[in-house]
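Remarks on the overall topology
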Amino acid sequence: MSRLLRNLFMGLVVLFMALPLLVVAGVSLNGGQQLRFPPRDPSPRWYAELFTAEDWLNALANSLIIATSSAALALAVAFPLAWFVWRYRTGYGRLLYGLGIAPFTLPPVITALGFLVFWTVAGWHGSILATIVSHAIFFVTLPLVTISLGLAAIDRQVIEVAITMGADEPTVFRTVVLPLVRPYLISGYAFAFVLSLNEYIVAYMVAGFTVETLPIKIFNSLRYGYTPVMAVVAVVFVLLAALIFGLIARFGDLPRLLGAWSKE
Amino acid sequence: MTDRRPRGLPARLPVLWPAAMLLLFFVVPFGIMLAVSFFHQVEGGFYEPGFELANYARFLDPFFGRALLFSLWISVLAAVIVIAVAFPFTYCLTRLRRSAQVPFLVFVLAVLSLSEVIIGFAWSTLLSRTAGLSNLVAWASLIPRAQAWTPSFGALLMGLCYLGFPYTVLILYPPLSRLDPEIPEASRTLGASPLRTFFLVIVPVLRGPLLGALIMVFVFNLGAYLLPQVLGRPQHWTLSVHITDQAVFQSNLPFAAAMAIFLMLFSLAFIGLTMVLGGRQEAAR
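Residues numbered from 1 in each chain as written. Chains lettered and ligands numbered in written order. Predicted model: local features only at pLDDT ≥ 70, side-chain atom pairs only at ≥ 80, totals over all residues. Heavy atoms only, no water.

Section: helix α12 (residues 239-249) of chain B
Residues and elements named next belong to chain B.
- For α12, a buried count of ten out of eleven residues is recorded, marking the element as mostly surrounded by other parts of the structure.
- Where α12 is concerned, the buried positions are L239, S240, V241, H242, I243, T244, D245, Q246, A247 and V248.
- Positive phi shows up at S251, right after α12, with a value of about 50°. (Buried < 20%, exposed > 50% of the residue type's maximum accessible area, 1.4 Å probe, protein only. Helix = DSSP H or I, 4+ residues; strand = E, 2+ residues; numbered from the N terminus.)

Considering the packing of helix α3 (residues 62-95) of chain B against helix α4 (residues 98-113) of chain B
Residues and elements named next belong to chain B.
- Two elements in contact, α3 and α4, have axes whose closest approach is 8 Å; the angle formed by their N-to-C orientations is 140°. Contacts between α3 and α4 involve F89, L93 and T94 from the first element and Q101, F104 and L105 from the second.
- Partitioned by chemical class, the residues of the contact of α3 with α4 number four nonpolar, two polar and no charged. (Axes fitted to C-alpha atoms, helices over the stretch in contact; angles between N-to-C directions. Contact = heavy atoms within 4.5 Å. Nonpolar A, V, L, I, M, F, W, Y, C, P; charged D, E, K, R; others polar.)

Quick notes on the packing of aromatic side chains
- Inspection of the entire model under this criterion finds 36 aromatic pairs over all chains.
- Between W119 of chain A and W124 of chain A, the aromatic rings sit 5.8 Å apart at their centres with planes inclined by 10°, giving stacked as the arrangement.
- Residue W119 of chain A is classed as buried on the basis of its relative accessible area, which comes to 2%.
- Each ring, one from F262 of chain B and one from F266 of chain B, has its centre 6.0 Å from the other, and the planes form 25°; the classification is stacked. Of the two residues, F262 of chain B and F266 of chain B both sit in helix α13 (residues 253-284), four residues apart, roughly one turn of that helix.
- Each residue in the set F38, F51, Y56, F59, F64, F218, F262, F266 and F270 of chain B is aromatic and connected to the rest through ring pairs, giving one cluster.
- Positioned over the ring face of F251 of chain A is R250 of chain A, at 5.2 Å from the centre of the ring.
- If you follow R58 of chain B out to its NZ or CZ, it ends over the ring of F255 of chain B, 3.9 Å from the centre. (Phe/Tyr/Trp six-rings, centres within 6.5 Å; stacked < 30°, edge-to-face > 60°. Lys NZ or Arg CZ within 6 Å of the ring centre and 35° of its normal.)

Topic: empty space enclosed by the protein
- Counted according to the given criterion, the structure contains one cavity of 30 Å³ or more.
- Approximately 40 Å³ is the volume found for the largest cavity.
- Every element with two or more residues in the lining of the largest cavity is listed here: α1 (2-27) of chain A together with α4 and α7 (153-177) of chain B.
- Of the residues contributing to the lining of the largest cavity, the split by class is nine nonpolar, no polar and no charged. (1 Å grid on protein atoms, 1.4 Å probe; cavity = no way out; pocket = protein on both sides within 12 Å on 5 of 7 lines; lining within 4 Å. Points joined across faces, edges and corners; volume = space filled by probe spheres on them.)

With respect to unusual backbone geometry
All names here are of chain B.
- We note that S251 has phi near 50°; this positive angle belongs to a residue other than glycine.
- Take S251: it is sitting in the loop between α12 and α13.
- Residue S251 is classed as partly exposed on the basis of its relative accessible area, which comes to 33%.

A short note on the packing of α1 of chain A against α3 of chain B
- Axis separation between α1 of chain A and α3 of chain B bottoms out at 10 Å; the angle between their running directions is 120°. It follows that α1 of chain A is oblique to α3 of chain B by the angle criterion. When the axes of α1 of chain A and α3 of chain B are compared, the crossing they make is left-handed. Only V85, P88, F89, C92, L93 and R95 of chain B of α3 of chain B make contact with α1 of chain A, whose side of the interface consists of R6, F9, M10, V13 and V14 of chain A.
- Looking at the contact of α1 of chain A with α3 of chain B residue by residue, the classes come out as nine nonpolar, no polar and two charged. (Parallel < 35°, antiparallel > 145°, perpendicular 65-115°, else oblique. Left-handed = near helix turned anticlockwise from the far one by under 90°.)

Details of the side chain of S128 of chain B
Residues and elements named next belong to chain B.
- Inspection of the secondary structure puts S128 in the loop between α5 (116-126) and α6 (133-139).
- S128 gets classed as buried once you look at its relative accessible area, which sits at 14%.
- Within polar-contact distance, the side chain of S128 engages the backbone oxygen of T125 at 2.7 Å.
- If we skip the residues at most four places from it in the chain, S128 touches S134, Q147, A148 and T150. (Polar contact = N/O pair within 3.5 Å; in protein donor to acceptor, adjacent residues only side chain to side chain.)

Quick look at the confidence of the model for chain B
- Mean pLDDT for chain B: 85, with 94% of residues reaching 70 or above.
- The least confident element of chain B, judged by mean pLDDT, is α6 of chain B at 71; the most confident is α3 of chain B at 92. (pLDDT = per-residue confidence, 0-100.)

Some thoughts on the environment of L22 of chain B
- In this fold, L22 of chain B is placed in helix α1 (residues 8-36).
- Separated by 137 residues in sequence, L22 of chain B and G159 of chain B place their C-alpha atoms 33 Å apart.
- Dropping the residues within four chain positions of it, L22 of chain B is found in contact with L81, L96, L99, G100 and V140 of chain A together with V27 of chain B.

With respect to the pattern of salt bridges
Residue and element names in this part refer to chain A.
- Within the structure shown, the criterion is met by four salt bridges over all chains.
- With a closest N to O distance of 3.1 Å, K217 and D55 form a salt bridge. Residue K217 is found in helix α11 (residues 214-224), and its partner D55 is found in helix α3 (residues 54-87); the two are separated by 162 residues along the sequence.
- Its relative accessible area of 11% is what places K217 among the buried residues.
- Between E169 and R87 there is a salt bridge, and its shortest N-O distance comes to 2.8 Å. (Salt bridge = Lys/Arg side-chain N within 4 Å of Asp/Glu carboxyl O.)

A closer look at a nonpolar patch on the surface
- Among the surface-exposed residues, L8, L12 and L15 of chain A lie close enough to one another that they form a single nonpolar patch of about 310 Å² accessible area.
- Here L12 of chain A shows up in helix α1. (Patch = residues over 30% accessible without salt bridge, like charges linked within 9 Å, V, L, I, M, F, W, Y side chains within 5 Å. Areas by Shrake-Rupley, 256 points an atom, 1.4 Å probe, with all protein chains shown as cover.)

A word on the side chain of T94 of chain B
Residue and element names in this part refer to chain B.
- For T94, the position within the fold is in helix α3.
- The class of T94 is buried, set by a relative accessible area of 10%.
- Other than its neighbours up to four places away in sequence, T94 contacts Q101, Y173, L176 and S177.

Things to note about the interface of chain B and chain A
- Counting residues at the interface gives 88 residues for chain B and 94 residues for chain A.
- At the boundary of chain B with chain A, total buried surface from both sides reaches about 8,300 Å², with 80% on carbon and sulfur atoms.
- In this structure, the connection of chain B to chain A is made through one salt bridge.
- Put simply, D253 of chain A and R98 of chain B hold a salt bridge, and the shortest N to O gap is 3.2 Å.
- On inspection of chain B and its partner chain A, the count reaches seven residue pairs in polar contact (both at pLDDT 80 or more). (Buried area = accessible area lost by both parts, 1.4 Å probe.)

A look at the state of the cysteines
All names here are of chain B.
- Enumeration over the complete set of coordinates arrives at zero disulfides over all chains.
- In this model C92 remains outside any disulfide bridge; the closest cysteine sulfur is found in C161, 19 Å from its own.
- Residue classification places C161 among the buried positions, given a relative accessible area of 11%. (Disulfide = S-S within 2.5 Å.)

Right, here's the structure in full:
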């Protein structure tokens, strides 16, 4: 009885969460330029539109360039910091760590406005490089947290054994630390990548009028009339996120990454 | 390798690069924003350096007061609703086998990563006249014909709950999955029903994390900036929307900066509160 109740409750919540996505998936299949559900004259033509129409393709390319490079930069900033905080106990290390966590805890519009004034002063406002750097800083929290989790999971005795056997610091890093944290590096990158792909406010404030990303393009289209391509982007993004997080779960320990204890 | 303090410059070298990046691209922008919030706004969308409190004085306007009160009210309301659903949901989730949890977690993460634009679009479609739920209700003859349910307060509240739900599940997941399974078991052995166990044992044991999560979701909701524009009417604009509007469309950066500084201090105060609560929880153990 209680199991039935539990499954019913969880099923209802998942249904509520899936409902808008299902309707959007249906809408994306409309034959004409209208948003109807159930779709009329179902056809996949709007999926082709996303990958052939120049303006949508351009936004897709911008989004992908920004997401791949900003996630890499975020990783490059987060890894040495996470390693340093794990290796040494210093006040400034902890302070910097807190600074790396901050962008994600504050309402995003605050950081976005900070970037806006900064890039205006620096003269880079409207450049794609500014968007990439801003996203890297904005999402540095994600690799920072995942890598720190990975480092914390390393058994200190393994390190001590390596030193006893004569390994110096660089060798320990290369042969022990790096292989053990590699899955966490990858998931940190993946988290930053997916969130950068979906990010709106920072990209908009930094270069919204010159570098149009997919979320910006969707919002602009919302104002001037709906088209099923917007639904197509939503479907593609949901599937992409599910695929990436599914891969992380397949090759890593997702519950532990999200804060459960390690498996006994 | 066992020493816990860095010695000499080479040992500190790895931290210099992240330190430089965070200082230059995070601390400096905040410094400039703080400075701009005291600048003087001149006609035509420009501003000149200065030091005046005029931008902060505008907080006394009824315009700002209304926006602030509305932001607080809808953020609190959405946070309470979301916690009321997400807490039992996450509890049920963490009682499943670990392998059974994974598909749920992937789904929650996929929804969490969705752009606010996409969520706004999805809900405006779901509540629209042509593709929405109201068709279903009309088809069942509960209302005479399909109608648009957006923009409205209810639509915005629904959207905010949808946006906050996956975030809340992920905040509650660590404390709930670390909860000792012997606690509910003991309660069951002593004859309490699952519902009684949940409300009289689980909720009190986890009231610290629960309150912390409530505050975090509240701050998260304060950050919503697109849903009020897509699902709400202009009177439903929150502080975040007004900050964007002042910065981009009214070209009044000093006032936008002042509001952003206010929102930041406000959020920091609440986040600090969760840390104090969390610290007390740790100390009590």
